[in-house]
Amino acid sequence: MNIFKRSVFRIYQKILHLSMYFLPFKEPLLFEGETSVEEMCKHLRIKNINKLFIVTDENIIGFDFFKETLNILQENKISVEIFSDVKPNPSIQLIEVAYQKYKEDKYDGLFAIGGGSAIDLAKGIGIRFTHPNKTLQSRKGILKVLKKQPLLIAMPTTAGTGSEATVACVVTDEETNEKYAINDPVLIPKIACLNPKTCLELPQTITATTGIDALTHAVEAYIGGSNTKKTKRMAKEAIQGINDNLLDSYHNGNDLQVRMNMLKASYQAGVAFTRAYVGNIHALAHQLGGMYHVPHGLANAVLMPYVLKYYQEKAYKKLSELYLVIDNKANPKEEKENSIQFISWIRLMNKEMNIPEKFDLDVSEESLLKMSQRAYKEANPLYPVPMIFEVNDFLKIYKQAIQKAN
Ligand SMILES: [Fe+2]
């Protein structure tokens, strides 16, 4: 990349980083633990919240925790309408359907119960509700929502996307197969309810891939150039939590404490990346999600080792610092060795959780180029990554990570 272009991108990122200090990054009001729904409902009663629009998917409505949540809402005289058609990678077309239902009646807020898809879909409803004459496509990018949103409560059922803590609403356009984010601090949910019972029935593969998604958030936030003291601390705590709990939650999913710890780690990673951004791993992953419906967590899990290795000396220092979080006996001066060990740690976790090293996809040269161009557009100039990628860098990584990249 020529020096002029790189300098322009870096200046853009610097200005954005500084301007973030003036934006209202308000963390959600947090309710945690097995009794979090009861405590939250007490709070809602005090705030005179009487009617909520629940956004979820058809699997979740069959789970015990969902029925229990409905009972607690009913005991607190909070009535609900349930929209249970959420699908993975929520489309702007589906958000439109949900929004039309939401505006038929008067609600005190939205209650998203699910993974990132449900929470993002609920955010999308809020955006449409406050911009009835604007399309979601027109809000793509940063700071294009701006208006105060309806009350949004998020109860994540995976640990996870961190969407309960973030400014991002990630949507897919079914017509163009393009996946992109709408980012605005007004999209941070007002309330997050971290209830470990929600994760008890998660299949192992979802526990694995969503857990690595949380790890990717923490890693990309930390190695990027837009950190604050708080985002660094949050990212490190998230990595510590993931190191201590992810494999346990994969092998022993019925352990409520381990599930709670992973929800907390995912939340902390969310707080970190919503301020410090993600990076090239996410830019690459989003295109695989948009064009080939690769689940987001799986995409990140496969891609992360390739991208971190590709950064080489540009990321040694930061990756070494992260390695010290999980191995306090490592020598801080051995930055290169520590960063190699950190990447190995990710590979080993992937392996233990049966995450493949490559995508089993057959992708034409033309599609690879299209994804690379889209990844370039997503990442630049926005993401404060350790190394700014050209289209060709994205292309190389896709070729390394895809089994049949023709
Ligand atoms: Fe993510």
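Refer to the structure printed above.
Bear in mind the structure is a predicted one, so any value in this text is a computation, not a measurement. (Residues numbered from 1 in each chain as written. Predicted model: local features only at pLDDT ≥ 70, side-chain atom pairs only at ≥ 80, totals over all residues. Heavy atoms only, no water.)

A. Spatial organisation of the sheet that holds strand 9 (residues 191–194). What the 6 strands build is an open sheet, ordered 1-9-6-4-2-3; its pairing is parallel. Each having just a single partner strand, strand 1 (29–32) and strand 3 (79–83) make up the two edges of the open sheet. Put simply, the sheet's adjacent strands are angled 20° from each other on average, direction ignored. Across 4 bridges, the pairing between strand 1 and strand 9 is parallel. The residue bridging Leu29 from the neighbouring strand is Ile191, located in strand 9. Each of strand 2 (51–55), strand 3, strand 4 (109–114) and strand 6 (152–156) is contacted by helix 5 (residues 116–130), which is oriented at about 160° to strand 4, the strand it contacts most. The sheet contacts of helix 8 (residues 256–276) involve strand 1, strand 6 and strand 9, and relative to strand 9 the element is tilted by about 150°. (Pairing = 2+ DSSP bridges. Helix = DSSP H or I, 4+ residues; strand = E, 2+ residues; numbered from the N terminus. Axes fitted to C-alpha atoms, helices over the stretch in contact; angles between N-to-C directions. Contact = heavy atoms within 4.5 Å.)

B. Representation of the layout of surface pockets. Roughly 420 Å³ of volume is contained in the second largest pocket. Considering the residues around the second largest pocket, the lining is formed by 18 residues, among which Lys140, Tyr180, Ala181, Lys377 and Glu378 are closest to the centre. For the lining of the second largest pocket, the elements supplying multiple residues, two or more each, are strand 5 (141–142), strand 8 (178–183), helix 9 (280–292) and helix 13 (365–379). Per-element tally for the lining of the second largest pocket: the top contributor is strand 8, with 5 residues. Grouping the constituent residues of the lining of the second largest pocket by class yields 7 nonpolar, 5 polar and 6 charged. Two domains each put at least three residues into the lining of the second largest pocket: domain 1 (24–199) and domain 2 (202–405). (1 Å grid on protein atoms, 1.4 Å probe; cavity = no way out; pocket = protein on both sides within 12 Å on 5 of 7 lines; lining within 4 Å. Points joined across faces, edges and corners; volume = space filled by probe spheres on them. Nonpolar A, V, L, I, M, F, W, Y, C, P; charged D, E, K, R; others polar. Domains from an automatic or database assignment.)

C. A look at the packing of helix 7 (residues 229–251) against helix 11 (residues 316–326). At a closest axis distance of 9 Å, the pairing of helix 7 and helix 11 adopts a crossing angle of 45°. Between helix 7 and helix 11, the interaxial angle falls into the category oblique. Considering how the two elements wind past one another, helix 7 and helix 11 form a crossing that is right-handed. On helix 11, the residues that touch Lys236, Ile239, Gln240 and Asn243 of helix 7 are Glu321, Leu322, Val325 and Ile326. Among the residues forming the contact of helix 7 with helix 11, the class breakdown is 4 nonpolar, 2 polar and 2 charged. (Parallel < 35°, antiparallel > 145°, perpendicular 65-115°, else oblique. Left-handed = near helix turned anticlockwise from the far one by under 90°.)

D. Region of the structure containing helix 2 (residues 36–46). The set of residues buried in helix 2 consists of Ser36, Val37, Met40, Cys41 and Leu44. End-on, the buried residues of helix 2 take up no more than an arc of 130°, which puts them together on one face. Pointing more than 90 degrees away from the buried face of helix 2 are the exposed residues Lys42 and Ile46. A positive phi of about 60° marks Asn48, the residue just after helix 2. (Buried < 20%, exposed > 50% of the residue type's maximum accessible area, 1.4 Å probe, protein only. Arc of directions from axis to C-beta.)

E. Expanded view of the nonpolar core. Counting residues in each nonpolar core, the largest one holds 88 residues, and the members touching the most others are Leu215, Val219, Ile239, Leu308, Phe342 and Phe359. Both domains that furnish three or more residues to this core are identified here as domain 1 (24–199) and domain 2 (202–405). Setting aside residues up to four positions removed in sequence, Leu215 forms contacts with Ile239, Ile242, Met304, Trp345, Ile346 and Met349. If you look at the next biggest cluster of nonpolar residues, it comprises 28 residues, including Ala98, Tyr102, Leu136 and Val145. (Core = buried A, V, L, I, M, F, W, Y, C linked by side-chain atoms within 4.5 Å.)

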